[in-house]
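# Coordinates in review
Each chain, written out:
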Amino acid sequence: MSGSGTKGTLVDLRSDTVTRPSAAMLKAMAEAQVGDDVLGDDPTVKRLQAKAAEMLGFERGLLFPSGTQSNLAALMSHCGRGDEYLVGQEAHTYRFEAGGGAVLGSIQPQPIANRLDGTLDLAMVEAAIKPDDPHFARTRLLALENTIGGKAIPRSYLEQALALAKRKNLSTHLDGARIFNAAVKLGVSAKELCRGFDSVSVCLSKGLGAPAGTLLLGDAAFIARAIRARKILGGAMRQAGFLAAAGLYALEHNIERLAQDHANAERLATGLRDAGYEVEGPQTNMVFVKAPPGFADYLIRNEILVLPGARLRLVTHLDASAAGIERALDAVRSFAKTPA
Ligand SMILES: Cc1ncc(COP(=O)(O)O)c(C=O)c1O
């Protein structure tokens, strides 16, 4: 697959993970000072971890190859064999990570239905906490996600969830794969949205445009456990500074511009609605649209890449320009005109 919304005619709306490193990011990667990070020698990895910890208000950071691995290492660092974590039914950690917590951590998930705004009903969360009784798994952790399905969870809700966890003696983890989208949308700092969580996982490879990499943040004791979990999971990398340099570039250059992705998603949603489609969102960079039969295939044939389904998720990102969105809308309108 070649080209992108900005470079060619193809517009890829499958995910914000499809971005390619820009020339400037590649230059930063090529010029990175590196060392063996497993031996603690990579200065660029150390700089990235320290910068992220400072930006997000944690004692320490740890670089992982992927968000899936970072979330799993977090579960394994908070919970032991026979423990349980409370998590949204729609959460990536529960639904889209191949059951890693159960498979590799012997950790039982207790899923709870997400409400339409992405939050969990805290009365349901409280009711799901198991009593200390040998019949039950030990409920140890509450895991939230922000953004979830493109929806930004506000600080006021997080305060209530964190207060419940504290009252019930649960640890807290936030899958903040897209925490900067939430921060830009809500007009608050990412640090503010992370405050009070015991750990947060933040992806560099989604809206921020790095080719790979996720940071796990927490206090020193938690990160020491996560280093061990990362080793078990095979995620300790050697000259990872090349990736860390991309991550540093992303944190320095690609946060504020997320507002453009949100504006492009707004434009896409408006155009789809004007063309008569049933649309949900966007709050950030995701638009959901009810797809009539043949719609997804038609878009793909016209080089507007989408993941097929009855409800399409269209995602804007740094390689989907405003012009690319207009091209996608041209294809939408020409489908509407195509005789059945
Ligand atoms: C909310 C969320 N968390 C975690 C992940 C996992 O990230 P990765 O694909 O790097 O494993 C994703 C990936 O799309 C995600 O959307």
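Residues numbered from 1 in each chain as written. Predicted model: local features only at pLDDT ≥ 70, side-chain atom pairs only at ≥ 80, totals over all residues. Heavy atoms only, no water.

## Here's the deal with the overall build of the chain
Assigned secondary structure in the chain consists of 14 helices and 12 strands. For the chain, whose C-alpha radius of gyration is 21 Å, the value lies close to the compact-globule estimate of 20 Å for 340 residues. The principal-axis extents of the C-alpha atoms in the chain amount to approximately 65 × 50 × 35 Å. When the 340 residues of the chain are sorted by exposure, 53% land in the buried category. Long-range contacts, defined as pairs at least 24 residues apart, comprise 72% of the intrachain contacts of the chain with a sequence gap of at least 6. Total accessible area computed for the chain in this model is approximately 14,900 Å², and 54% of it derives from carbon and sulfur atoms. Positive and negative charge centroids in the chain, built from 39 and 36 side chains respectively, lie 1 Å apart. (Helix = DSSP H or I, 4+ residues; strand = E, 2+ residues; numbered from the N terminus. Rg over C-alpha atoms; globule rule 2.2 N^0.38 Å. Buried < 20%, exposed > 50% of the residue type's maximum accessible area, 1.4 Å probe, protein only. Contact = heavy atoms within 4.5 Å. Areas by Shrake-Rupley, 256 points an atom, 1.4 Å probe, with all protein chains shown as cover. Lys, Arg positive; Asp, Glu negative; His and termini not counted. Charge placed at Lys NZ, Arg CZ, Asp CG, Glu CD.)

## A few points about the sheet that holds strand β3 (residues 83-88)
Across the sheet, which stays open at both edges, the 7 strands sit in the order β2-β8-β7-β6-β5-β3-β4 with mixed pairing between neighbours. The open sheet has two edge strands with one neighbour each: β2 (60-64) and β4 (108-112). The sheet shows a mean angle of 20 degrees between the axes of neighbouring strands, taken without regard to direction. Alignment of β3 against strand β5 (residues 138-145), held across 5 bridges, turns out to be parallel. For Asp 83, the partnering residue across the bridge sits in β5 and is Arg 138. The strands that helix α7 (residues 155-167) touches are β5 and β6 (171-175); relative to β5, the one it contacts most, it runs at about 170 degrees. Along the sheet, helix α10 (residues 220-232) makes contact with β2, β7 (199-203) and β8 (214-218), crossing β2 at roughly 15 degrees. (Pairing = 2+ DSSP bridges. Axes fitted to C-alpha atoms, helices over the stretch in contact; angles between N-to-C directions.)

## As for the layout of surface pockets
Reported here for the largest pocket is a volume of approximately 900 Å³. As for the largest pocket, its lining consists of 36 residues, and the residues nearest its centre are Glu 90, Phe 96, Gly 149, Phe 288 and Arg 313. Of all the elements in the fold, those that place two or more residues in the lining of the largest pocket are α3 (67-78), α4 (92-95), β10 (286-290) and β12 (311-315). Computed from the structure, the second largest pocket encloses a volume of approximately 190 Å³. Together, Asp 37, Val 38, Gly 40, Lys 46, Gln 49, Arg 60, Leu 62, Ile 227, Arg 230, Lys 231 and Ala 236 line the second largest pocket. When contributions to the lining of the second largest pocket are tallied by element, the ones reaching two or more residues are α2 (43-56), β2 and α10. Of all the elements, α10 adds the most residues to the lining of the second largest pocket, at 3 residues. (1 Å grid on protein atoms, 1.4 Å probe; cavity = no way out; pocket = protein on both sides within 12 Å on 5 of 7 lines; lining within 4 Å. Points joined across faces, edges and corners; volume = space filled by probe spheres on them.)

## Let's talk about α10
Working note: α-helix, 3.6 residues per turn, so residues spaced by three or four point in the same direction. The terminal C-alpha atoms of α10, which comprises 13 residues, lie 19 Å apart, in line with the 18 Å expected from a rise of 1.5 Å per residue. Taken as a whole, α10 has its buried residues at Phe 222, Ile 223, Ala 226, Ala 229 and Arg 230. Buried residues in α10, looked at end-on, bunch into an arc of 115 degrees, giving them a common side. The exposed set on the far side of α10, more than 90 degrees from its buried face, consists of Arg 228 and Ile 232. Packed against the buried residues of α10 are α2, β2, α3, β7 and β8. Positive phi shows up at Gly 234, right after α10, with a value of about 80 degrees. (Expected span 1.5 Å × (residues − 1). Arc of directions from axis to C-beta.)

## Some remarks on the site of the ligand
In the vicinity of the ligand, the contacting residues are Ser 66, Gly 67, Thr 68, Asn 71, His 92, Glu 97, Glu 145, Asp 175, Ala 177, Arg 178 and Lys 206. Between the ligand and Gly 67 there is a distance of 2.8 Å, counted from an oxygen atom to a backbone nitrogen or oxygen. One of the side-chain nitrogen or oxygen atoms of Asp 175 is found 2.6 Å away from a nitrogen atom of the ligand. When the ligand sits alone it has 390 Å² of accessible area, and the protein chains cover 81% of it. Among the cavities detected, the one that contains the ligand is the largest pocket. Sorting elements by how many residues they give to the shell around the ligand places α3 first, with 3 residues. Of the residues contributing to the shell around the ligand, the split by class is 1 nonpolar, 5 polar and 5 charged. (Near = heavy atom within 4 Å. Polar contact = N/O pair within 3.5 Å; in protein donor to acceptor, adjacent residues only side chain to side chain. Sits in = over half its atoms within 2 Å of the grid points. Nonpolar A, V, L, I, M, F, W, Y, C, P; charged D, E, K, R; others polar.)

## So, the side chain of His 317
With respect to the element layout, His 317 can be found in the loop between β12 and α14 (322-337). What makes His 317 buried here is its relative accessible area of 2%. Of note is the side chain of His 317, whose polar atom sits 2.6 Å from the backbone oxygen of Asp 12. A polar contact is formed between the side chain of His 317 and the backbone nitrogen of Asp 319, at a distance of 3.1 Å. In this structure His 317 touches Asp 12, Ser 15, Asp 16, Val 18, Thr 19, Arg 257 and Asp 261, once residues within four positions along its chain are discounted.

## Observations regarding α3
In this model, α3 (12 residues) spans 16 Å end to end at C-alpha, consistent with the 16 Å of a helix rising 1.5 Å per residue. By the criterion of burial, α3 is predominantly enclosed, with 10 of the 12 residues buried. Along α3, the residues that are buried comprise Gly 67, Gln 69, Ser 70, Asn 71, Leu 72, Ala 73, Ala 74, Leu 75, Ser 77 and His 78.

## Regarding the nonpolar core
Ranked by size, the top nonpolar core spans 54 residues in total, and within it Leu 63, Leu 142, Leu 144 and Phe 180 carry the most contacts. Contact partners of Leu 144, with chain neighbours within four places excluded, come to Leu 120, Tyr 157, Leu 158, Ala 161, His 173, Leu 174, Asp 175 and Phe 197. Listed in part, the 26 residues of the second largest apolar core include Leu 272, Val 279, Ile 304 and Ala 331. (Core = buried A, V, L, I, M, F, W, Y, C linked by side-chain atoms within 4.5 Å.)

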